[in-house]
Amino acid sequence: MFKSILGLLFFLVFTSFSVVTEELDRPSQQPVQVLLLNSFNQDMPWQQSVESGLRQILDSQAIPFNLFIENLDVGRFDEAEQLALFKYYLLNKYADKKVDVVVTQDAAAAILLRQLPQFHRSVPRVYVEPGAGFKLLAGERGLVLNTTVNYQKASNSAIKLMQPDKVLVIADTNNSISLEAHNALVKVLQLQNSKIQIETLSNLPVQQLVERLETAQRNSIALYTPIFRQVDGIPQTPYQTAIRLAEKSNVPIFTYWYPLMGSGVVGGYLLSGELVGQQTALAIIRHVQGQPFVNVEQSSLSAFHYDWRQLTKFGIDFGRLPENSILEYYKPSFYEQYKSIIFVVFAAFVVLISLLVFVVSLNTRRLNLLNELESERQLLESRVLIRTQDLEKAKNEAENSAKAKSEFLANMSHEIRTPMGGVIGLTNLLKQTPLSDKQRQYLDKIGYSADQLLVVINDILDFSKIESGNIELEAHPFSINTVTDYLTATFDTVAQEKGIDFVVSLDSKLHPDLVGDIVRINQVLINLCSNALKFTHQGQVRVRIYPLEGNVDAPTENYPIVFSVSDTGIGIENDKLNSLFDAFTQADTSTTRKFGGTGLGLSISKRLCQLMQGDIQVDSELGGAQLSPLSCI
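Below is a short write-up of the structure. (Residues numbered from 1 in each chain as written. Predicted model: local features only at pLDDT ≥ 70, side-chain atom pairs only at ≥ 80, totals over all residues. Heavy atoms only, no water.)

This part takes up the overall build of the chain. Check the secondary structure of the chain and you find 18 helices and 21 strands. Put simply, the chain has 633 residues, and 39% of those count as buried. Summed over its atoms, the accessible surface of the chain is roughly 36,200 Å², and 55% of this surface lies on carbon and sulfur atoms. (Helix = DSSP H or I, 4+ residues; strand = E, 2+ residues; numbered from the N terminus. Buried < 20%, exposed > 50% of the residue type's maximum accessible area, 1.4 Å probe, protein only. Areas by Shrake-Rupley, 256 points an atom, 1.4 Å probe, with all protein chains shown as cover.)

Here you go:
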């Protein structure tokens, strides 16, 4: 099984690779062998950047490229000895090796290849930075990519930016690479204003260069070209040397090559080794595709780059930088880095302060109202006390027993129901005044919300009375027809508006004259019918009233009556029935959001039935429900 899956994966990979290569119309599927002869070693920043750009393009191609790299290392060893050694080395190592393209980097490698005319002479050759005046031989296929450092533009931009009195030139003359840079730079500086003093620091040890830069005048600049040194017997790359010089330098150091960025140099108009490598790779790809070599536009390989840290260190004005300059190693300020977070925190702080002020204001008003109410209550009590001194002794027990009830009614009635009554009354009065449609709509919403809140308050008050045992049932004669008429008058219109039937049926076996608390009976039935109508969207809601057992032709002391409310509504799941009569509970959490309610109605109804020596039960399935209060009257 595993072998089958592995074989399928290899087949898919091979098929995908074939499709891509066919679309690119490659002439061969064999890997292209590219030999890169590097004048220096693999640790040189410039060589690393050129190689990086070369690999980026070659590795992105569908056809494979094999890159072989040989480093002459003429920076750390004698150039003539290295060239002689590598002649023998290359001829023997690559005698039987297939090579499709040979690339040289810098002058030493180009000179070596010219000294080996028989070394894969039929293979095209790409000479990268071989030096000024280097040209292809007659009949030689290839490209000379002589990346030119624009010393004039780079030096002039540095001098214009800093306006120095003195320029220190750090350059060497002991190898072909350094000598070329030295001669080109000196030639450019000789054309500068004669008021600027030019000092060339050539072939000096690292320590002397460090001391010279450390003691240089503040109104000076240093121009740095690649130099090769040893420190404690360890060869140093130009990048490593630049780090040592920049650590102690009293003046800004400008350079001409992008790979030296990050070493402590300020920057300048820099030649990018990565772009050079990319152009070299594109030339190789064009050759593999059968296209001719084309020259590279030199201006596309350089740009203005500056190290933000060094600009800040030497106080260089960013506004004086050349147009389209690129800032490297930029470190944003704390505000720039966390600007969005600071804004959010500030906005949140403002909101919290505003809420705090609002809450404090409301609390102050509440305390003032409470103080006024307390003052009125105390004033009233004092008046009552004065007027009832003669009856004080006889009424002490009554006042003590009524104290808890008085406090409850005072707090709840004055603080909640009375203000709500005022809100409802003022809303109704305001509706009678001339109003726009939008204002009347707002008032309707206020009135509806106030009525709903008053219902909630009444439910909570009833529940509190039942919980505390303060509710008292009355026993007065009443007619059962009064109950049926009340239900019909209350819900018939509501049912018609919803398009459903509301039916109240009275069993003929039941005697119409009863004794009990008709207010509480109506309260329970109103609650049950309201719930039935609320959750029924089609069909009917039916109320049946009948005796539990036998015929009742005349009123007796006590007998049970069944009030049954059934509907064709949405129904209740079986697992929700046990908690249906719990306080503050509804069968579905979405019910509150959709239909409203406190979840107290059924709980209050059950308690009232129990107080009337009865009970309440429910039978339901999804699609219909039936609630049956059983009351003994």
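Back to the write-up after that little detour.
Below, the discussion takes up the nonpolar core. Membership of the largest hydrophobic core comes to 72 residues, with the highest contact counts inside it found for F65, I170, L223 and W257. Non-local contacts of F65, meaning those with residues more than four positions away in its chain, are made with V32, V34, L58, I284, I285 and V288. Among the nonpolar cores identified, the runner-up in size contains 38 residues, and I500, F563, F581 and V618 belong to it. (Core = buried A, V, L, I, M, F, W, Y, C linked by side-chain atoms within 4.5 Å. Contact = heavy atoms within 4.5 Å.)

Of all 8 residues making up strand 19 (residues 560-567), 7 are buried, and the element is well covered by its neighbours. In this sheet, strand 19 lies alongside strand 18 (residues 540-547) in antiparallel orientation, the contact comprising 7 bridges. Across the sheet, the residue bridging to V541 is D567, located in strand 19. (Pairing = 2+ DSSP bridges.)

In this section: the packing of helix 3 (residues 79-93) against helix 4 (residues 106-114). It is the contact of helix 3 with helix 4, at a shortest axis distance of 10 Å, that shows an interaxial angle of 45°. Between helix 3 and helix 4, the crossing angle belongs to the class labelled oblique. For the pair helix 3 and helix 4, the crossing hand works out as right-handed. Two secondary-structure elements touch here, helix 3 through E79, L83, F86, K87 and L90 and helix 4 through A108, I111 and L112. Its residues assigned to classes, the contact of helix 3 with helix 4 comprises 6 nonpolar, no polar and 2 charged. (Axes fitted to C-alpha atoms, helices over the stretch in contact; angles between N-to-C directions. Parallel < 35°, antiparallel > 145°, perpendicular 65-115°, else oblique. Left-handed = near helix turned anticlockwise from the far one by under 90°. Nonpolar A, V, L, I, M, F, W, Y, C, P; charged D, E, K, R; others polar.)

This next bit is on the environment of T200. Here T200 is to be found in strand 7 (residues 197-202). Judged by its relative accessible area of 36%, T200 falls in the partly exposed class. For T200 and V169, which are 31 residues apart along the polypeptide, the C-alpha to C-alpha distance reads 4.6 Å. Setting aside residues up to four positions removed in sequence, T200 forms contacts with V169, H182 and V186.

A separate point is the packing of aromatic side chains. On inspection of all chains with the given rule, the structure shows 10 aromatic pairs. Seen in terms of ring centroids, Y256 and W257 are 5.8 Å apart; in terms of plane orientation they differ by 75°. Their pairing is edge-to-face. Here Y256 and W257 have matching classes, each one buried. Considering the side-chain rings of Y269 and F304, the 4.8 Å spacing of their centres and the 55° angle between planes classify their relative orientation as tilted. One end of the pair, Y269, is in strand 12 (residues 267-271); the other, F304, is in strand 13 (residues 302-307), with 35 residues separating them in the sequence. Taking relative accessible area as the criterion, F304 reaches 12% and is therefore assigned buried. A cation over a ring is seen here: R114 above Y127, with NZ or CZ 5.4 Å from the ring centre. (Phe/Tyr/Trp six-rings, centres within 6.5 Å; stacked < 30°, edge-to-face > 60°. Lys NZ or Arg CZ within 6 Å of the ring centre and 35° of its normal.)

The parallel open sheet is built from 5 strands, whose spatial order is 2-1-3-4-5. Of all strands in the sheet, those bounded by a partner on one side alone are strand 2 (65-71) and strand 5 (142-145). Each strand axis lies, on average, 15° off the axis of its neighbour in the sheet, ignoring direction. The strands touched by helix 4 within the sheet are strand 1 (32-38), strand 3 (101-105) and strand 4 (125-128), with strand 3 carrying the most contacts at an inclination of about 135°.

Before going further, it helps to examine empty space enclosed by the protein. Across all of its chains, the model carries 3 cavities of 30 Å³ or more by this definition. As for the second largest cavity, its lining consists of L36, N38, Q47, V50, E51 and Q105. Of all elements in the fold, only strand 1 and helix 2 (45-59) reach the threshold of two or more residues within the lining of the second largest cavity. For the lining of the second largest cavity, the leading source of residues is helix 2, giving 3 residues. Partitioning the lining of the second largest cavity into residue classes produces 2 nonpolar, 3 polar and 1 charged. (1 Å grid on protein atoms, 1.4 Å probe; cavity = no way out; pocket = protein on both sides within 12 Å on 5 of 7 lines; lining within 4 Å. Points joined across faces, edges and corners; volume = space filled by probe spheres on them.)

Quick look at helix 2 now. The terminal C-alpha atoms of helix 2 lie 21 Å apart, and with 15 residues this matches the ideal 21 Å at 1.5 Å per residue to within 8%. Along helix 2, the positions that sit buried rather than exposed are P45, W46, Q47, S49, V50, E51, G53, L54, I57 and L58. (Expected span 1.5 Å × (residues − 1).)

Glancing now at helix 4. Most of helix 4 is tucked away: 7 of the 9 residues are buried. Listed as buried for helix 4 are D106, A107, A108, A109, A110, L112 and L113.

Okay, unusual backbone geometry next. Where the residue is not glycine, phi is negative for most of them; where a peptide bond is considered, it is trans in most cases. Its identity is not glycine, yet D73 carries a phi of approximately 60°, on the positive side. Turning to its location among the elements, D73 is positioned in the loop between strand 2 and helix 3. The class for D73 is buried, based on a relative accessible area of 9%. A positive phi angle, close to 75°, is found at D106, a residue other than glycine. Residue placement: D106 occurs in helix 4. When its relative accessible area of 7% is taken as the criterion, D106 is described as buried.

Our next topic: a nonpolar patch on the surface. Together, F346, F349, V350, I353, L356, V357 and V360 line one region of the surface with nonpolar side chains, adding up to about 660 Å² of accessible area. For V350, the position within the fold is in helix 12 (residues 339-387). (Patch = residues over 30% accessible without salt bridge, like charges linked within 9 Å, V, L, I, M, F, W, Y side chains within 5 Å. Salt bridge = Lys/Arg side-chain N within 4 Å of Asp/Glu carboxyl O.)

It is worth spelling out the environment of D444 at this point. Along the chain, D444 falls in helix 14 (residues 437-468). Considering only alpha carbons, one finds D444 and T427, 17 residues apart in sequence, at a separation of 8.4 Å.

This brings us to the side chain of E328. Along the polypeptide, E328 turns up in strand 14 (residues 326-328). R309 is the oppositely charged side chain nearest to the buried, salt-bridge-free E328, at an N-O distance of 8.8 Å. A distance of 3.4 Å separates a polar atom in the side chain of E328 from a polar atom in the side chain of Y258. Among the polar contacts listed, one links the side chain of E328 to the side chain of H305, at a separation of 3.0 Å. With residues up to four places along the chain from it excluded, the contact list for E328 reads Y258, M261, H305, Y306, D307 and W308. (Lys, Arg positive; Asp, Glu negative; His and termini not counted. Polar contact = N/O pair within 3.5 Å; in protein donor to acceptor, adjacent residues only side chain to side chain.)

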